[in-house]
Amino acid sequence: MEFDVGARLRAIREMHGLSQRELAKRAGVSNASVSLIEQNRSSPSVGSLKKVLDGIPMSLADFFSMEQAPREQVFFRAEDLTVISDGAIRYAQVGRDPEARALQILHEQYQPGADTGQNMLRHAAEEGGVVLRGRLEVTVGDQRRILGPGDAYYFNSRLPHRFRTVGEEICEVVSACTPPSF
């Protein structure tokens, strides 16, 4: 893995609340020098980097040994989704640790005849979804509708609700819930 000097310098500068101009002034270098290093358009000598780091102040050893925070995952392949229920209804969640997030996104698959049950669901959230394929009967309170591909739903999840596949085709839905409650 290649060490990214520019990204590390930018992260440390921002962590210390310094603008590029302020760091350059403190270090006695040009603003352009700091900018070029951060953009990885200039590969500084050890002496030049040491001079810039003196403006923070930070040693070269600390700069290169400091733990870098892991990057948050942004993109997810199908195999990266977390399966949280697998059976007649399969729920695969985008990302991990729903408690640390404000939004939960699910890829749902309902086998023919699948039903969330006679007991209606309720939870403190809002949810919505889009049917990708198949047909899904959605009941919310006293309202009931059969949705097909491209149709969508959105409601306050405190209202009693239920989902049921209609027909002999697998139903596929992408849904979102906030806050996460599954």
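Parameters and conventions
- Residues numbered from 1 in each chain as written.
- Predicted model: local features only at pLDDT ≥ 70, side-chain atom pairs only at ≥ 80, totals over all residues.
- Heavy atoms only, no water.
- Pairing = 2+ DSSP bridges.
- Helix = DSSP H or I, 4+ residues; strand = E, 2+ residues; numbered from the N terminus.
- Axes fitted to C-alpha atoms, helices over the stretch in contact; angles between N-to-C directions.
- Disulfide = S-S within 2.5 Å.
- Buried < 20%, exposed > 50% of the residue type's maximum accessible area, 1.4 Å probe, protein only.
- Phe/Tyr/Trp six-rings, centres within 6.5 Å; stacked < 30°, edge-to-face > 60°.
- Core = buried A, V, L, I, M, F, W, Y, C linked by side-chain atoms within 4.5 Å.
- Contact = heavy atoms within 4.5 Å.

Chemist: When you look at the sheet that holds strand S8 (residues 161-166) in this model, what are you seeing that I'm missing?
Modeler: Within a beta sheet, neighbouring strands are joined by backbone hydrogen bonds and run either parallel or antiparallel to one another. Read across the open sheet, the three strands follow the order S6-S5-S8; overall the sheet is antiparallel. Taken across any chain shown, the strands that pair with only one partner, and hence form the sheet edges, are strand S6 (143-147) and S8. The average undirected angle you get between the axes of adjacent strands in this sheet is 15°. Where strand S5 (residues 135-140) meets S8, six bridges bridge the pair, whose relative direction is antiparallel. From the neighbouring strand, valine 140 faces S8, where its bridge partner is histidine 161.

Chemist: In this structure, what is going on with the state of the cysteines? I would like to understand it.
Modeler: Throughout this description, disulfide means a covalent bond between two cysteine sulfur atoms. This model, assessed by the stated rule, comprises zero disulfides. Cysteine cysteine 171 shares no disulfide, and the gap to the nearest cysteine sulfur, in cysteine 177, comes to 18 Å. On the basis of relative accessible area, cysteine 177 is assigned to the buried category, the value being 8%.

Chemist: Can you walk me through the sheet that holds strand S2 (residues 89-93) in this structure?
Modeler: Across the sheet, which stays open at both edges, the six strands sit in the order S1-S2-S3-S9-S4-S7 with antiparallel pairing between neighbours. Among the strands making up the open sheet, the edge pair consists of strand S1 (82-85) and strand S7 (152-156). Going from strand to strand, the sheet's axes swing by 25° on average, the running direction of each strand aside. Sheet topology note: the strand S4 (residues 126-133)/S7 ladder contains five bridges and is antiparallel. Its bridge partner being in S7, glycine 129 is matched across the sheet by tyrosine 153.

Chemist: Hey, could you run me through the packing of aromatic side chains in this one?
Modeler: Geometrically, a pair of aromatic rings is defined through the distance of the ring centres and the angle of the planes. On inspection of all chains with the given rule, the structure shows four aromatic pairs. Where phenylalanine 63 meets phenylalanine 64, the ring centres are 5.0 Å apart and the plane angle is 90°; that geometry is what we call edge-to-face. The exposure class of phenylalanine 63 is buried, given its relative accessible area of 0%. A ring pair is formed by phenylalanine 155 and phenylalanine 163, whose centres lie 6.4 Å apart and whose planes are at 40°; its orientation type is tilted. The residues phenylalanine 155 and phenylalanine 163 share a single accessibility class, namely buried. Aromatic rings pair up to connect Tyr153, Phe155 and Phe163 into one cluster.

Chemist: For this particular structure, what's the right way to read the nonpolar core?
Modeler: Side chains of a nonpolar character, in soluble globular proteins, are inclined to be buried together. Counting 15 residues, the largest nonpolar core has Tyr110, Leu136, Val138, Tyr153, Phe163 and Val173 as the members making the most contacts within it. Looking at this core, the elements with two or more residues in it are S2, strand S3 (104-110), S5, S7 and strand S9 (171-178). For this core, the element with the highest residue contribution is S5, accounting for three residues. If we ignore the near neighbours within four places in the chain, the residues touching phenylalanine 163 are Tyr110, Ala114, Asp115, Thr116, Glu127, Leu136, Glu137, Val138, Tyr153 and Phe155.

Chemist: I keep staring at the pairing of S1 and nothing clicks. Help me out?
Modeler: Regular strands place side chains that alternate from one sheet face to the opposite one. With three bridges connecting them, S1 and S2 associate as antiparallel partners. Counted as the bridge partner of threonine 82 is glutamine 93 from S2. Between S1 and the antiparallel strand that follows it, S2, lie three residues.

Chemist: Where do I start with the environment of methionine 120 in this structure?
Modeler: In this structure, methionine 120 sits in the loop between S3 and S4. With relative accessibility at 31%, the residue methionine 120 sits in the partly exposed group. With 95 residues separating them along the chain, methionine 120 and lysine 25 place their C-alpha atoms 64 Å apart. Excluding anything up to four places from it in sequence, methionine 120 contacts Thr139, Gly141, Pro160, His161 and Arg162.

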